[in-house]
Amino acid sequence: MIPPSFAYHAPRSIGEALTLLTELGDDAKLLAGGHSLLPMMKLRFAQPGTLIDINRIPELRGIREEGGLIRIGAMSSESDLIASKLLQERLPLLPEAALLIADPQVRNRGTIGGDIAHGDPGNDHPAIAMALDATFVLQGPKGERQVKAVDFFHGTYMTALAENEILTAILVAPFQAGTGYAYQKLKRKTGDWATAGAAVVLRMAGGLVTQVSIGLTNVAPTALRARDAEAALLGKAVNDTTLNAVAQAVRAVCEPAEDLRGDIEYKTAMASEMVKRAIRAAAARCH
Ligand SMILES: Cc1cc2nc3c(=O)[nH]c(=O)nc-3n(C[C@H](O)[C@H](O)[C@H](O)COP(=O)(O)OP(=O)(O)OC[C@H]3O[C@@H](n4cnc5c(N)ncnc54)[C@H](O)[C@@H]3O)c2cc1C
C-alpha cells in the first residue's frame, strides 16, 4: 500500500521544526521512526499534507545524566535504549522492556518519543513511563513545559501535546540501589503488541513493600497507573493473599477493548496475572 502524497521537510534544529509546525498547523505531522505514522498513512487513517522529519535534529538524541536525572532524547531508538550502558546500570527496566517491543527492524527505527507521543494504549512505553514516574519535556513556540507521564495520556491517540509542540525528552530518576523492577508482557507471538502488560517498580525493607508503582499496558483507552493496586501492596509482604488483593484492584480498573487478542474477560484476567508475575519478579530483585 502506498501513502497519499505529502510535502517533506527535514529541519536541523528544534527551533526550525517548531517554526514549520506553527506555520503549517494541523496539516503537518512530525515524522520520527515512522513505524506507527506510515502504517496509518498507508491505511488512510492519517493524511497529513506535510511531514516534518525530525531525524536530523541532534538536540533530540542522546541519553545522559543531567541534574541527578537521566535525560533520554525523544529520538532515541529502542536499539539505543537497549545499547545504553547508562540505562543498563542505572535504569535497567528500560533496556530490558525495549527488548520486548516489536522486532529488531522496528526497534532500530522506532523511537521512545514516537512511542509515547502516538498515544496508543497498546504501546509499551506509556505504562513503563508511568511506573518509572517519568516526566516528559514538551517544547513549543513559547518555550518548554514539563508534564508527568500520568497526566500526559488523555485518550486513545490523544495526549497533552499541543499541535505545535514537540516531545523533546523523557526525564527519569535513576534507580536507587536495591530497587526491584520488571515488565511482564503477554503477547501472541514475537513482535506483537501486548494482550496485556504490567510494569512494576518497587522497594522493600524487612520483607515489606515500602514503595511501589504499577503501570498497565493495553487494558484501557490509555495506559494506566494502578494506584489502588499499589495501595493494596504497600506495607505488605509479597505473598498469595496480598497478590490476590492486588489482582482484584487491577481487575477493577481494566476496561480493555475486545479484539483479536481476546475478549474483555480474558484481557482483564491476563492484566492481573501480568501484575502478579511482575511483582514477584521485581521483589526477587530487591536486595
Ligand atoms: C510490526 C510492528 C510491531 C510493533 N510492536 C510494538 C510493540 O510491541 N510495542 C510498542 O510499544 N510499539 C510497537 N510498535 C510501534 C513502534 O514501536 C513505533 O515505532 C512507535 O509506536 C512510534 O514511534 P516512531 O518513532 O516510529 O514514531 P512515528 O511513527 O514517526 O510517529 C508516531 C506519532 O507520534 C508523533 N511523534 C513522533 N515523535 C514525536 C515527538 N518527538 N514529538 C511529538 N510528536 C511526535 C508523530 O507525529 C506521529 O503522530 C510496532 C510497530 C510495528 C510496525
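Just so it is clear, the model here is predicted, and its values are computed rather than measured. One numbering rule holds for all chains: residues counted from 1, following each sequence as written. Only residues with pLDDT of at least 70 are given local features in this predicted model, and only at 80 or more are side-chain atom pairs given and counted; all residues enter the totals for whole chains, interfaces and linings.

A few points about the overall build of the chain
How we decide: Strands here are runs of E lasting at least two residues and helices are runs of H or I lasting at least four, both read from the DSSP assignment and numbered beginning at the N terminus. For the radius of gyration, the atoms used are the C-alpha atoms, and the globule rule reads 2.2 Å times the number of residues raised to 0.38. Residues are defined as contacting one another if the C-beta atoms placed from their backbone atoms lie within 7 Å.
A count of helices and strands for the chain gives 12 helices and 14 strands. Over its C-alpha trace the chain gives a radius of gyration of 19 Å, about what one expects of a compact globule, namely 19 Å for 287 residues. Principal-axis analysis of the C-alpha atoms gives the chain an extent of 60 × 45 × 30 Å. By sequence separation, contacts in the chain at least 24 residues apart represent 62% of the contacts at least 6 residues apart.

As for the pairing of strand β13 (residues 208-217)
Definition in use: Here, strands pair whenever DSSP counts at least two bridges between them.
As defined by bridge partners, strand β12 (residues 196-205) adjoins β13 across nine bridges and the pair is classed as antiparallel. Bridged to valine 200 within β13 is isoleucine 214. Between the antiparallel neighbours β12 and β13 lie two residues, among them glycine 206 with a positive phi of about 55 degrees. Sheet analysis places β13 next to strand β14 (residues 224-225), joined by two bridges and oriented antiparallel. Opposite leucine 216, over in β14, you have leucine 224 as the bridge partner. Here β13 folds back onto β14, and the loop between the two strands holds six residues, one of which, asparagine 218, carries a positive phi near 65 degrees.

Focus on the site of the ligand
Cut-off, in case you're wondering: We call a residue near a molecule or strand when its C-beta atom, built from the backbone, sits within 6 Å of it. Residues are grouped as follows: Ala, Val, Leu, Ile, Met, Phe, Trp, Tyr, Cys and Pro are nonpolar; Asp, Glu, Lys and Arg are charged; all remaining types, including Gly, are polar. Domain boundaries shown here were taken from an automatic or database domain assignment.
Around the ligand sit 29 residues, and of these Ala32, Gly33, His35, Gly110 and Gly114 come closest. Among the secondary structure elements, those contributing two or more residues to the shell around the ligand are β2 (28-31), α2 (37-42), α7 (112-117) and β10 (166-172). Among the elements that make up the shell around the ligand, the one with the highest residue count is α7 (four residues). Class assignment for the residues of the shell around the ligand results in 14 nonpolar, 12 polar and three charged. The residues that make up the shell around the ligand include at least three from each of domain 1 (7-53) and domain 2 (58-172).

Looking at the packing of helix α11 (residues 240-253) against helix α12 (residues 264-284)
Selection criterion: A fitted line through C-alpha atoms represents every axis, and for helices the fit uses only the stretch in contact; the resulting angles, taken between N-to-C directions, go from 0 to 180 degrees. Working rule for angles: under 35 degrees goes down as roughly parallel, over 145 as roughly antiparallel, 65 to 115 as roughly perpendicular, anything else as oblique. Take the far helix as the reference: if the near one is turned anticlockwise from it by less than a right angle, the crossing is left-handed, and if turned clockwise, right-handed.
Remark: α11 packs on α12, axes separated minimally by 9 Å, with the N-to-C direction vectors making an angle of 140 degrees. The angle between α11 and α12 places the two elements in the oblique class. The handedness of the crossing between α11 and α12 comes out as right-handed. Of the residues in α12, those touching α11 at Leu243, Val246, Ala247, Val250 and Arg251 are Thr268, Ala271, Ser272, Val275, Lys276 and Ile279. Class assignment of the residues belonging to the contact of α11 with α12 gives a composition of seven nonpolar, two polar and two charged.

Here's the deal with the sheet that holds strand β5 (residues 69-73)
To summarise the sheet geometry, strands pair through backbone hydrogen bonds and adopt either a parallel or an antiparallel arrangement. Spatially, β4-β5-β10-β6-β7 is the arrangement adopted by the five strands of the open sheet, whose pairing is antiparallel. Bordering the open sheet on either side are β4 (63-66) and β7 (143-148), each of which pairs with just one other strand. Adjacent strand axes in the sheet meet at a mean angle of 30 degrees when their direction is disregarded. The pairing of strand β6 (residues 135-140) with β7 spans six bridges and is antiparallel. If you follow phenylalanine 136 over to β7, its bridge partner there is valine 147. Its contacts with the sheet put helix α1 (residues 14-24) on β6 and β10, and the angle it makes with β10 is roughly 130 degrees.

Observations concerning the domain arrangement of the chain
If you check the domain split of the chain, you get domain 1 (7-53), domain 2 (58-172) and domain 3 (180-284). Taking only C-alpha atoms, the centre of domain 1 and the centre of domain 2 are 18 Å apart. Listed as interface residues are 14 residues of domain 1 and, on the opposing side, 18 residues of domain 2. Top element by residues in the side of domain 1 that touches domain 2 is α1. It accounts for five residues. For the side of domain 1 that touches domain 2, a count of residues per class yields six nonpolar, seven polar and one charged.

What about unusual backbone geometry?
Unusually for a residue other than glycine, aspartate 133 sits at a positive phi of about 55 degrees. In this fold, aspartate 133 is placed in the loop between α8 (125-131) and β6. Within the chain, tyrosine 157 stands out as a residue other than glycine whose phi angle is a positive 65 degrees. Here tyrosine 157 lies in the loop between β8 (153-155) and β9 (158-159).

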